Amino acid sequence: MAFRVPPAPASWKPLAVSDAAVAYRDDENGATIALNGRCKNEEDVPLVSLTNHLFLHFTEREVLKQEVVPFDGREAMHTVLSAKLDGVPKVFDVWVLKKNGCVYDMLLIADPARYAAGEPAFTRMVRGFSTLPAHDD
């Protein structure tokens, strides 16, 4: 798995987390961006199922927007939803892409009152995302 994303804004600080390939935190706006990929031959799993799987442990889920859109030469599912994790409300802006045997998840996790402040930086990163050929070195 290999991909490229544009640089994060200066206010977004890199995070080292075990469950994301790339992650950033914007403390000022109470938001986190996480990008991850996995290559487990999930090509037959529908985009909606892959998206729903990300939120199995959340409660009070409400889909605010969901659409399938062209993305990096394929289709991706873009979902915005509100949900609670351990009773804490959050807004999630999620993009899920299947390409070449891999699944890529791109998430913005934000406090509901400050979602709009972090969304433009996330959208810019998502729109600049592209997969790269993997090389066996």
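Residues numbered from 1 in each chain as written. Predicted model: local features only at pLDDT ≥ 70, side-chain atom pairs only at ≥ 80, totals over all residues. Heavy atoms only, no water.

## Some points on the pattern of salt bridges
Rules: For salt bridges, the criterion is a side-chain nitrogen of Lys or Arg within 4 Å of an Asp or Glu carboxyl oxygen. Secondary structure elements are taken from DSSP: a helix is a run of H or I of four residues or more, a strand is a run of E of two residues or more, and numbering for both begins at the N terminus. For each residue, the accessible area found with a 1.4 Å probe, counting protein chains only, is set against the maximum for its type, and the residue is called buried under 20%, exposed over 50%, and partly exposed in between.
Applying the stated rule across the entire model yields seven salt bridges. Here Arg38 ties to Asp105 by a salt bridge, and the two come within 2.6 Å at their closest N and O atoms. Placement of the pair is Arg38 in strand S4 (residues 31–38) and Asp105 in strand S8 (residues 102–110), with a sequence separation of 67 residues. Judged by relative accessible area, Asp105 falls into the buried class, the value being 5%. Taking the shortest distance from any N to any O, the salt bridge between Lys84 and Glu60 comes out at 3.5 Å. You can see Lys84 sitting in strand S6 (residues 74–85) and its partner Glu60 sitting in strand S5 (residues 59–71), a full 24 residues away along the chain. When its relative accessible area of 25% is taken as the criterion, Lys84 is described as partly exposed.

## Here's the deal with the side chain of Thr131
Our working definition: What qualifies as a polar contact is a pair of N or O atoms within 3.5 Å, subject to a donor-acceptor requirement within protein and to the restriction that residues adjacent in sequence count only when both atoms come from side chains. A contact between two residues is defined here by any heavy atoms of the two lying within 4.5 Å.
Mapped onto the elements of the fold, Thr131 is located in strand S9 (residues 130–131). Polar contacts involving the side chain of Thr131 include one to the side chain of Asp72, which spans 2.8 Å. Here Lys99 takes part through its side chain, which lies 3.2 Å from a polar atom of the side chain of Thr131. Discounting residues that sit within four places of it in the chain, Thr131 has contacts with Ala2, Phe3, Asp72, Leu97, Lys99 and Tyr104.

## Thoughts on the pairing of strand S7 (residues 88–99)
This is how the line gets drawn: Strand pairing requires that DSSP identify at least two bridges connecting the strands.
With nine of 12 residues buried, S7 is to be regarded as a mostly interior element. The pairing of S6 with S7 spans 10 bridges and is antiparallel. Its bridge partner lying in S7, Thr79 is registered against Val94. The antiparallel pairing of S6 with S7 creates a hairpin that spans two residues between the two strands, and Asp86 there sits at a positive phi of about 55 degrees. Here S7 pairs with S8 via nine bridges, running antiparallel. Paired with Asp93 across the two strands is Leu108, which belongs to S8. Hairpin connection between S7 and S8: a loop of two residues separates the two successive antiparallel strands, and Asn100 in this loop has a positive phi of roughly 50 degrees.

## Notes on the pairing of S8
Judged by how many residues are buried, S8 sits mostly within the fold: eight of nine residues are covered. Sheet topology places S4 next to S8; eight bridges connect them, and they run antiparallel. When the sheet's bridge partners are listed, Ile33 is paired in S8 with Leu108.

## Considering the sheet that holds S4
Stated formally: Fitting a line to C-alpha atoms yields each axis, with helices limited to the stretch in contact; the angle taken between N-to-C directions then spans 0 to 180 degrees.
Taken in spatial order, the seven strands of this open sheet run S2-S3-S4-S8-S7-S6-S5, and their pairing is antiparallel. With one partner strand each, in any of the chains shown, strand S2 (13–14) and S5 form the two edges of the open sheet. With respect to the sheet, helix H2 (residues 115–127) is in contact with strand S3 (22–26), S4, S5, S6, S7 and S8, its orientation differing from that of S8 by roughly 160 degrees.

By themselves, these figures tell us nothing about what the structure is for.
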